[in-house]
Amino acid sequence: MSLMVVSMACVGFFLLQRACPHMGGHDKPFLSAWSSAVVPRGGHVTLRCHYRGGFNNFMLYKEDRIHVPIGRIFQESFNMSPVTTAHAGNYTCRGSHPHSPTGWSAPSNPVVIMVTGNHRKPSLLAHPGPLVRSGETVILQCWSDVMFEHFLLHREGKVEDTLRLIGELHDGVFKANFSIGPMTHVLAGTYRCYGSVPHFRYQLSAPSDPLDIVITGLYEKPSLSAQPGPTVLAGENVTLSCSSRSSYDMYHLSREGEAHERELRLPAVRSVNGTLQADFPLGPATHGGTYRCFGSFPHSPYEWSNSSDPLLVSVTGNPSSSWPSPTEPSSKSGIRRHLHVLIGTSVVIILFIIILFFLLHRWCSNKKNAAVMDQEPAGDRTVNRQDSDEQDPQEVTYAQLDHCVFIQRKIGRPSQRPKTPLTDTSVYTELPNAEPRSKVVSCPRAPQSGLEGVF
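All of these numbers come straight from a predicted model, not from anything done at the bench. (Residues numbered from 1 in each chain as written. Predicted model: local features only at pLDDT ≥ 70, side-chain atom pairs only at ≥ 80, totals over all residues. Heavy atoms only, no water.)

Caption draft 1: Focus on the overall build of the protein chain. The number of helices and strands found in the protein chain is four helices and 29 strands. Counting only residues that meet the buried cut, the protein chain has 33% of its 455 residues in that class. Partitioning the intrachain contacts of the protein chain with sequence separation of at least 6 by distance along the chain shows that 67% fall at a separation of at least 24. Here the protein chain has roughly 28,300 Å² of accessible surface; of this, 58% comes from carbon and sulfur atoms. (Helix = DSSP H or I, 4+ residues; strand = E, 2+ residues; numbered from the N terminus. Buried < 20%, exposed > 50% of the residue type's maximum accessible area, 1.4 Å probe, protein only. Contact = heavy atoms within 4.5 Å. Areas by Shrake-Rupley, 256 points an atom, 1.4 Å probe, with all protein chains shown as cover.)

Below, the structure written as structure tokens:
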């Protein structure tokens, strides 16, 4: 009897589990984001919650345990558009069984919606380069001068490949180094990186410029040749031909030391001898370099063949005389001639200014002396030749001035004359460019106010 009771209890519990899906852990639905969980601000994303067990109603939950939208039940998919920063966060969903609308399933797997375009984009570099041989490792460095707390590396089309690292300050910029490898065809693709500031980990910056990581060494190597040859004159046109008997649909030409964005690609064309080749015209040769080419197929654009043997293109001759730069020497000589003319002209102008200044100074000095002489009375001037025959070795000219002239000018009027003669006081001064040793002799009682003397 007791065994029967236990058996019935077990059957009842099993039926209850089937009727109430929320009580079990194996009935949870699956949540996905389409087309990507990394969504630009203003874009749109669709969240799909599906379950093979027959759920037809779903409820969407956000990380903060708030329904989105509140209290609304949807069927299989939920579209969010336009996406704002408020939509960023962690989402799960639950499903309800049609025969038990009040019972909900266990929560689904979480999906993180990250909204981009909130800060300035960082930069993404590959070390040692974006062409990686199979089995090797590449370092993808994301950096910015913005103080990002975290950097995220995302491979386009692969939500699960999003990596997150803490930004570290080095040399005034914030960096994060993502190690990718050993390289396989699964890791090849287009990468972008983002930055996030503290407290807003799901609100990301604008994406960096795309960086294609290519795996090489998977197929037979093509051959590379140069026309007219690997050694050309400066300014001569050069064409590099990449060919192979394999059925490559695309050829890629790269130059050692160049960034991957300078890589050239051309579709393969069947040549006369039956090979598939692509001709890369490089134009007039400027400087040499080492080139390689690869082949690829359309269904796997990030999987390339082995590299061709390196081809060194050498440029000979003087580019300044045989190619577009013949104007360079003439321009330099013209500059030198111009400098010589400019210096000579400047010297002449400076000398002319000095001479002109000297002449103006002489002219002003003579005019000032003439003005002083014109102010003296000219009525009672007599010439005394007493000492004219005597020559002074130093050629110094003396002038004797009567103090009475200055006293009469300062005190008395012309009609007022001094009643007693003034003491004969003489003042000597050197006058340039005057006749030798002339004297100015004062007259004690001049009939008029003035200066009597001999010049």
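Structure shown, so let's carry the discussion forward.
Caption draft 2: Main features of the side chain of Lys62. Counting through the fold element by element, Lys62 comes out in strand β4 (residues 57-62). Here Ala88 takes part through its backbone oxygen, which lies 3.0 Å from a polar atom of the side chain of Lys62. (Polar contact = N/O pair within 3.5 Å; in protein donor to acceptor, adjacent residues only side chain to side chain.)

Caption draft 3: Focus on the environment of Cys93. Relative to the elements of secondary structure, Cys93 occurs in strand β6 (residues 89-97). In this structure Cys93 comes out as buried when scored by relative accessible area, which is 0%. Note: C-alpha distance between Cys93 and His50 (43 residues apart in sequence) is 9.2 Å.

Caption draft 4: Seen up close, unusual backbone geometry. The omega angle of the peptide bond from His127 to Pro128 is 5°, so this bond is cis rather than trans. The topology assignment puts Pro128 in the loop between β9 (123-127) and β10 (131-133). Note that the residue after Gln227, namely Pro228, is joined by a cis bond; omega there is 5°. Note that Pro228 resides in the loop between β18 (223-227) and β19 (231-233). One non-glycine residue, Asp171, adopts positive backbone phi at about 55°. In this structure, Asp171 sits in the loop between β14 (168-170) and β15 (173-180). For His199, which is not glycine, the phi dihedral falls at a positive 75°.

Caption draft 5: Main features of the packing of aromatic side chains. Overall, the coordinates contain six aromatic pairs when judged by the stated rule. Between Tyr219 and Tyr248, the aromatic rings sit 6.5 Å apart at their centres with planes inclined by 55°, giving tilted as the arrangement. With Tyr219 in the loop between β17 (211-216) and β18 and Tyr248 in the loop between β20 (237-244) and β21 (250-255), this pair connects stretches of sequence that are 29 residues apart. For the cation-ring pair, Arg48 lies above Trp34, with the distance from its terminal atom to the ring centre recorded as 5.5 Å. A cation over a ring is seen here: Arg94 above Tyr61, with NZ or CZ 5.7 Å from the ring centre. (Phe/Tyr/Trp six-rings, centres within 6.5 Å; stacked < 30°, edge-to-face > 60°. Lys NZ or Arg CZ within 6 Å of the ring centre and 35° of its normal.)

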